[in-house]
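Here is what each chain is made of, one letter per residue.
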Amino acid sequence: MIKGVIFDLDGVIVSTDDLHFEAWQFIANQEGIPFDRTINHQLRGVSRMESLEIILSRASKVYSNDEKQSLATQKNEFYVRLLDQLSEADILPGVKETIRLLKQQNIKIAIGSSSKNARKILKKIGLLDSFDAIIDGNDITYSKPHPEVFIKAGQALGLKPEQCAVVEDAEAGILAAKNAKMFAIGIGPASLSKMADKTLLGINELLVGQAFLDNK
Ligand code: G6P
Ligand code: MG
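Residues numbered from 1 in each chain as written. Chains lettered and ligands numbered in written order. Predicted model: local features only at pLDDT ≥ 70, side-chain atom pairs only at ≥ 80, totals over all residues.

In the nomenclature of an unreviewed UniProt entry, the protein chain is known as Beta-phosphoglucomutase of Paracholeplasma vituli. UniProt lists a comment for the protein chain under the heading Catalytic activity (unreviewed entry), and it reads "beta-D-glucose 1-phosphate = beta-D-glucose 6-phosphate". (UniProt positions renumbered as here; feature names shortened; annotations may be inferred.)

Written out as structure tokens, the structure is:
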């Protein structure tokens, strides 16, 4: 029986994809490295440093650790400036209603995100106080598909893995949920995932008669 739902943040609660894209594109242009939306798509759910490694794998030169650190800092400074434009209007359709419904049913809710900017984003969109637990990129050593972020989120909710469902838009996140032995719900791009226990076109489908909870 599901007693808690752990939400990924980027691409599930709020769409920050374009902002990450813009910030990485700035770095890639500056360094003369090819970069496009297909590559950006591979960065969903992947930590900042691992994302940088994926981008730099197309570079013609080898970067030192100090140079990598500097590029990651530049990317984040650019990205954080873009985050300033976020507001409650950027919450994805169905999210607020879903949170309300789950709370009414005494289902605990958490954020399980790879982003170190998760709290900043939640504050900007007015949802910082809406979750029972927030585990983000600052709390973890290993990035998705490692299960650490979801295991820690489940523990923070006081629940066993089999009592938790995860909502994810990235394949790496679906794998992380399965590695954590949790029920994995794929939405958006992850609605095509073969590994997901359930796929939905959007979070608003979670509302439909609490379907995924009844199915468990
Ligand atoms: C999320 C996004 C990734 C991003 C990662 C780290 O998982 O889907 O695209 O790279 O967070 O974000 P950060 O804000 O810490 O750079
Ligand atoms: Mg995501």
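With that settled, consider the site of ligand 1. Looking at ligand 1, there are 16 residues lining it, with Arg48, Ser114, Ser115, Lys116 and Asn117 nearest. Per-class residue counts for the shell around ligand 1 are two nonpolar, 10 polar and four charged. Split by domain, the residues of the shell around ligand 1 number at least three in each of domain 1 (4-15 + 88-210) and domain 2 (17-83). (Near = placed C-beta within 6 Å. Nonpolar A, V, L, I, M, F, W, Y, C, P; charged D, E, K, R; others polar. Domains from an automatic or database assignment.)

So, on to the packing of helix α3 (residues 48-56) against helix α4 (residues 65-83). Axis separation between α3 and α4 bottoms out at 10 Å; the angle between their running directions is 110 degrees. As summarised for this structure, α3 and α4 are arranged roughly perpendicular, according to the angle between their axes. The residues of α4 that touch α3, namely those facing Arg48, Met49 and Leu52, are Lys68, Leu71, Ala72 and Asn76. Residue composition of the contact of α3 with α4, by class: four nonpolar, one polar and two charged. (Axes fitted to C-alpha atoms, helices over the stretch in contact; angles between N-to-C directions. Helix = DSSP H or I, 4+ residues; strand = E, 2+ residues; numbered from the N terminus. Parallel < 35°, antiparallel > 145°, perpendicular 65-115°, else oblique. Contact = placed C-beta atoms within 7 Å.)

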